[in-house]
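A look at the structure
For reference, the chains in residue letters:
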Amino acid sequence: MLKFECLSDNHIEAAAMLALAEYFEEQNSVPILPPGEYFDLFCTMISEMIVHNLGVAAFEDTELVGFFTCYKPWNNHFGTTMGTFSPIHAHGAIKSNRKQIYSQLYQQAALKWVRAGILSHAVALYTHDAEAVDSFYWNGFGLRCVDAIRTVAPVTCDEFPDYTFGELPIEEIGQIVPLKNLLIEHLRSTPMFLPFFFCRDVHDVKQERERRQSRYFVVRDRDKTIAFIEIMASGENFVCDNSKMVNICGAYMLPEYRRTGVFTKLLAVLLDKIRLDGYTLCGVDFESFNPTARGFWLKHFNAYTYSVVRRIDERIYRVE
């Protein structure tokens with residue numbers, strides 16, 4: 001029978017070992033995931049979350065067999081309520097009976113979260129950890145986001161001599177503005193329905209590029225910019241911060257050019273360029289409920305995390 005404690009500083013090193021073991025398991029399924037000395041990093045990141053007093057540790061006798069914690073909660077988390085997120089380094093469980101351990105960990109943590117007014121719950125899981133994924137699905141979670149990775153290797157594609165492909169000079173960044181706004185419209189439409197009610201101008205896009213230190217690759221049909229891919233050094237989790245990895249943080253193509261192979265050629269051009277720059281890995285994250293995105297990225301990248309979400313009905317607080 002499991003025993004539970006509030007996750008504390010006393011548990012940090014054992015918890016980091018559990019999280020690291022799950023990363024090694026995912027490496028067996030996705031061997032291109034980068035190796036690294038992540039133990040100290042995990043210890044630091046877990047210790048930063050412990051202070052919020054929202055984590056749980058599970059024991060069998062004196063052995064830590066699982067833990068579960070999260071970031072500091074914030075308002076307007078996938079809606080109008082308070083929510084939090086448990087990233088892939090913020091939880092772990094031994095392999096034996098993992099599904100049940102995770103279920104009980106979430107049961108204990110969810111009680112803390114709901115009592116604290118946290119009704120939107122998000123958790124990142126390794127894609128090939130079937131026990132963990134199944135545990136959260138059975139606890140009412142649904143898939144929302146995916147992280148995926150590939151090597152910076154050539155992509156087989158058709159040639160399009162009538163189009164121009166390449167990296168966009170910073171001084172020409174204004175070409176991206178219409179596509180950025182069309183991307184916003186796309187994400188606001190069915191079936192995504194993301195509540196984006198803003199438009200971007202040149203100043204906004206320049207500021208965003210400066211903040212991200214990002215680069216743009218584009219394709220032009222004569223004088224018309226029809227698609228872009230934006231890349232940056234960091235991403236959505238610790239894997240993305242590898243010095244040999246770049247991450248796609250935005251992309252869009254005009255609908256009339258889709259399914260022609262032109263976007264695959266743009267990806268190939270991008271990969272050829274970053275390979276010359278010394279990078280060996282490329283990552284991307286996208287909403288799973290964006291059929292255009294998932295249809296393309298999963299052809300060329302290997303998924304390694306699923307982020308799942310659950311929204312608790314706020315009527316739980318109703319006083320009878």
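Residues numbered from 1 in each chain as written. Predicted model: local features only at pLDDT ≥ 70, side-chain atom pairs only at ≥ 80, totals over all residues. Heavy atoms only, no water.

**Observations regarding empty space enclosed by the protein**
Inspection of the entire model under this criterion finds 1 cavity of 30 Å³ or more. Considered as a void within the structure, the largest cavity measures approximately 40 Å³ in volume. Lining the largest cavity we find D147, A148, G235, E236, C240, N247, G283, V284, D285 and Y304. Of all elements in the fold, only β7 (142-151) and β12 (281-287) reach the threshold of two or more residues within the lining of the largest cavity. (1 Å grid on protein atoms, 1.4 Å probe; cavity = no way out; pocket = protein on both sides within 12 Å on 5 of 7 lines; lining within 4 Å. Points joined across faces, edges and corners; volume = space filled by probe spheres on them. Helix = DSSP H or I, 4+ residues; strand = E, 2+ residues; numbered from the N terminus.)

**Some points on the nonpolar core**
Counting residues in each nonpolar core, the largest one holds 59 residues, and the members touching the most others are F42, F68, F136, I149, F238 and V239. For this core, the elements supplying multiple residues, two or more each, are α1 (12-29), α2 (39-50), β2 (56-60), β3 (63-68), α3 (98-115), β6 (118-126), α4 (130-138) and β13 (302-311). Here this core takes 8 residues from α3, the largest share from any one element. Discounting chain neighbours no more than four positions away, the residues touching V239 are Y23, L33, P34, I149, M245 and Y304. (Core = buried A, V, L, I, M, F, W, Y, C linked by side-chain atoms within 4.5 Å. Buried < 20%, exposed > 50% of the residue type's maximum accessible area, 1.4 Å probe, protein only. Contact = heavy atoms within 4.5 Å.)

**Section: the sheet that holds β2**
Across a sheet, strands are paired by hydrogen bonds formed along the backbone, either parallel or antiparallel in direction. Spatial ordering of the open sheet is given by β1-β2-β3-β5, a layout of 4 strands whose pairing is antiparallel. Only two strands of the sheet have a single partner each, and these edge strands are β1 (3-6) and β5 (91-93). Strand-to-strand, the axes of this sheet are offset by a mean angle of 30°, without reference to chain direction. Strand direction decides the pairing type here: β3 and β5, joined by 3 bridges, are antiparallel. Looking across to β5, one finds that F67 is bridged to G92. Strands β1, β2, β3 and β5 of the sheet are contacted by α3, whose axis makes an angle of about 55° with β3. (Pairing = 2+ DSSP bridges. Axes fitted to C-alpha atoms, helices over the stretch in contact; angles between N-to-C directions.)

**Focus on the pairing of β13**
For β6 and β13, the ladder comprises 7 bridges, and the chain directions are antiparallel. Residue L125 lies in a different strand from β13, and its bridge partner there is Y306.

**Description of the environment of D221**
When you line up the elements, D221 lands in strand β9 (residues 215-221). The buried category is assigned to D221, whose relative accessible area is 15%. Separated by 36 residues in the primary sequence, D221 and Y257 have C-alpha atoms spaced 9.8 Å apart. In contact with D221, other than residues within four places in its own chain, are Y163, I226 and Y257.

**What to know about the packing of aromatic side chains**
Using the criterion set out here, one finds 24 aromatic pairs in the structure. For the ring pair F263 and F296, a centre distance of 5.0 Å and an interplane angle of 80° mean the geometry is edge-to-face. Here F296 lies in helix α8 (residues 291-300) and F263 lies in helix α7 (residues 262-276), a separation of 33 residues in the sequence. According to the relative accessible area criterion, F263 is buried, its value standing at 12%. (Phe/Tyr/Trp six-rings, centres within 6.5 Å; stacked < 30°, edge-to-face > 60°.)

**Observations regarding the environment of W113**
Tracing the sequence through the fold places W113 in helix α3. Once the C-alpha coordinates of W113 and C70 are considered, the two residues, 43 residues apart in sequence, prove to be 9.8 Å apart. Once you skip the residues sitting within four places of it in the chain, W113 turns out to touch L54, F68, C70, T84, I118 and H121.

**Examining the side chain of T81**
Locating T81 in the fold gives a position in the loop between β3 and β4 (82-86). What T81 contacts, discounting residues up to four positions off in sequence, is W74, N75, N76, G117, L119, S120 and R311.

**Considering the sheet that holds β7**
The strand order across the open sheet formed by 9 strands is β4-β6-β13-β7-β12-β11-β10-β9-β8, and the pairing between neighbours is mixed. Two strands bound the open sheet, and with one partner strand each, they are β4 and β8 (163-167). Averaged over all pairs of adjacent strands, the angle between their axes in this sheet comes to 20°, without regard to strand direction. Its contacts with the sheet place α3 against β4, β6 and β13, and it is angled at close to 145° to β6.

**What to know about the state of the cysteines**
This structure, assessed with the given rule, holds 0 disulfides. Free of any disulfide, C157 has its nearest neighbouring cysteine sulfur in C282, separated by 15 Å. C157 gets classed as partly exposed once you look at its relative accessible area, which sits at 22%. A disulfide-free cysteine, C199 has its sulfur positioned 20 Å from the sulfur of C249, the nearest such atom. Residue class for C199 comes out exposed when judged on its relative accessible area of 63%. (Disulfide = S-S within 2.5 Å.)

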